[in-house]
Structures are given as C-alpha cells and as structure tokens.
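Results of the structural survey
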Amino acid sequence: LRRQRQMCIRDRSKSGEFPLMMAAVHDHADIVRLLLAHGAQVDMRDRAGLTSLLEASIEGHLRIIKILVEKGADVKATDQYGWNGLIHAADFGHINVVKYMLDKGLNIDRQDNEGRTALMLAAERGRFDIVEHLLNKGADRNMKDNAGETALDKARKKGHTIVIEMLTPDSENGEGRKSNFSAPL
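Computed from a prediction, not measured in an experiment: that's the story for all the values here.

Overview of the overall build of the protein
Secondary structure assignment for the protein yields 11 helices and zero strands. Reading the helices (α) and strands (β) of the protein from amino to carboxyl end gives α-α-α-α-α-α-α-α-α-α-α. For the protein, buried positions account for 48% of its 185 residues. When the accessible area of the protein is evaluated, it comes to approximately 9,900 Å², of which 46% is carbon and sulfur surface.

Quick look at the structure:
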C-alpha cells in the first residue's frame, strides 16, 4: 500500500504535471499539505522544467508558495528559460508574490536566458505597480537584455505611458519621474 501511494504521488499526467503541481496550480492548500506529508517531492519538475513553486508564482498563489517554501522548496529554482518565481510573478502581475520573492532574497536584477529582468517584463506588460515596487527596491533601470533593450525600450514599444513616465530619466537626478497615477490599494 505504501509503495502504491508513493507511485500515485509521483505519477504524471499526459502533460507532465504531477499531483502536487496540480494542487498548487489550483490553490488547494490542504491537498498540497497532504501530498507533502505523504512524501511528495517539493521540487519535482514537469517536462518544461517548472516546479510547483514556479507554477504557484505564475498563478499568484502566495499561500501555496509559503507552504512549499516552509517545506523546503528551492525559492531560487528556475525553469528552462531561466525564469524564477520573481520573474514569473512580475510577468503575470502578482505584486504580492513579487514582494515575497524579494523578501526571500531573490536577486532583483537576475536575467533570464534572453537577458530580461523582472523589471523589463513588468514594463513590457504595463504593470506599473510592479515597476514602481521594483524601482523602489533598487532594480537597475539601465540593464539591457540580449537584444540591447532596456525596460524603458520595452514599455515604449507597447505604449505603456505610465510605465514610460516612471522609467524616463529626470534631467536633474537621473531617476525616473514620479507618476501622478496611484494604484488602488
């Protein structure tokens, strides 16, 4: 029976997902705890190189992320593209996960395989709240990706005026201008 239970916990779906990952994606905290208590591997990867923590970061499930980290998940894990939880959260617009990942010590200026940072991806998506937070935490607005583009270049390409304003250097101090727009709390 114990061997059978272990096989079920490690079984994969046709898409390569396993029970812990599916529970994490669907924000089922009790099932995540149950699977971990019965031997699920906290950092098991799917075919795309994603862990349950990375999937929870994509979905913005902070309570799942906290459970996984408490049980030993590698908060610095990356997928096959070099994306960690911070980069996924910034790209998908999950400010609460961005804040948590930074609190856990992730490098704010970590670059993926294409040289992109969380700031660049947030700027490209127009996620002004995340851009503002990353800048306030010291993200380097002048970093360039492998194509030679900065976060400002990416925001300009997409026409995200608030983000452009935040990233445009002020002639006096070299910092971005402050936006007059405030995000709702």
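Re the confidence of the model for the protein
Across the protein, the average pLDDT comes to 88, with 83% of residues at or above 70. In this model, residues 1-7 is a region of pLDDT below 50 whose contacts with residues beyond four sequence positions or in other chains number three contacts. Across residues 179-185 the pLDDT falls below 50, and counting only partners more than four positions away or on other chains, this stretch makes eight contacts in the model.

Regarding unusual backbone geometry
We note that aspartate 27 has phi near 60 degrees; this positive angle belongs to a residue other than glycine. Mapped onto the elements of the fold, aspartate 27 is located in the loop between helix H2 (19-25) and helix H3 (29-37).

A closer look at helix H4 (residues 52-59)
For the α-helix, the turn length of 3.6 residues means that residues three or four positions removed from each other point alike. With seven of eight residues buried, H4 is to be regarded as a mostly interior element. By the burial criterion, the buried members of H4 are Ser52, Leu53, Leu54, Glu55, Ala56, Ser57 and Ile58. Residues of H4 that are buried in the fold lie against H2, helix H5 (62-70), helix H6 (85-92) and helix H7 (95-103). After H4 finishes, the residue glycine 60 shows a positive phi value of roughly 80 degrees.

Some points on the side chain of aspartate 46
Residue position: aspartate 46 is located in the loop between H3 and H4. Residue classification places aspartate 46 among the buried residues on the basis of a relative accessible area of 11%. Among the polar contacts made by the side chain of aspartate 46, one reaches the main-chain amide nitrogen of alanine 48 at a distance of 2.9 Å.

A word on the environment of methionine 22
One can find methionine 22 in helix H2. Residue class for methionine 22 comes out partly exposed when judged on its relative accessible area of 31%. Taking the C-alpha atoms as reference points, methionine 22 and glutamate 55, separated by 33 residues in sequence, lie 8.9 Å from one another.

A look at the pattern of salt bridges
Overall, the coordinates contain eight salt bridges when judged by the stated rule. Across the salt bridge formed by arginine 63 and aspartate 27, the nearest N and O atoms sit 3.1 Å from each other. In this pair, arginine 63 is assigned in helix H5 and aspartate 27 in the loop between H2 and H3, connecting sequence segments 36 residues apart. Take arginine 63: its relative accessible area is 47%, and that puts it in the partly exposed class. On the basis of relative accessible area, aspartate 27 is assigned to the partly exposed category, the value being 23%. Of the charged contacts in the structure, one is a salt bridge between arginine 125 and aspartate 91, with a shortest N-O distance of 2.8 Å. One end of the pair, arginine 125, is in helix H8 (residues 118-125); the other, aspartate 91, is in helix H6, with 34 residues separating them in the sequence.

Digging into the side chain of aspartate 145
With respect to the secondary-structure elements, aspartate 145 resides in the loop between helix H9 (128-136) and helix H10 (151-158). For aspartate 145, the side chain forms a polar contact with the main-chain nitrogen of alanine 147, separated by 2.9 Å.

Remarks on the environment of alanine 40
Relative to the helices and strands, alanine 40 is located in the loop between H3 and H4. Along the sequence, alanine 40 and phenylalanine 18 sit 22 residues apart, while their C-alpha atoms lie 9.4 Å from each other.

Re the packing of H8 against H10
Between H8 and H10, whose axes approach to 7 Å, the crossing angle comes to 15 degrees. Taken together, the axis directions place H8 and H10 in an arrangement best described as roughly parallel. Our pair here, H8 against H10, has a crossing hand that is right-handed. Listed contacts from H10 to Leu119, Met120, Ala123 and Glu124 of H8 are Ala151, Lys154, Ala155 and Lys158. Here the contact of H8 with H10 is built from residues that sort into five nonpolar, no polar and three charged.

Parameters and conventions
Residues numbered from 1 in each chain as written. Predicted model: local features only at pLDDT ≥ 70, side-chain atom pairs only at ≥ 80, totals over all residues. Heavy atoms only, no water. Helix = DSSP H or I, 4+ residues; strand = E, 2+ residues; numbered from the N terminus. Buried < 20%, exposed > 50% of the residue type's maximum accessible area, 1.4 Å probe, protein only. Areas by Shrake-Rupley, 256 points an atom, 1.4 Å probe, with all protein chains shown as cover. pLDDT = per-residue confidence, 0-100. Contact = heavy atoms within 4.5 Å. Polar contact = N/O pair within 3.5 Å; in protein donor to acceptor, adjacent residues only side chain to side chain. Salt bridge = Lys/Arg side-chain N within 4 Å of Asp/Glu carboxyl O. Axes fitted to C-alpha atoms, helices over the stretch in contact; angles between N-to-C directions. Parallel < 35°, antiparallel > 145°, perpendicular 65-115°, else oblique. Left-handed = near helix turned anticlockwise from the far one by under 90°. Nonpolar A, V, L, I, M, F, W, Y, C, P; charged D, E, K, R; others polar.

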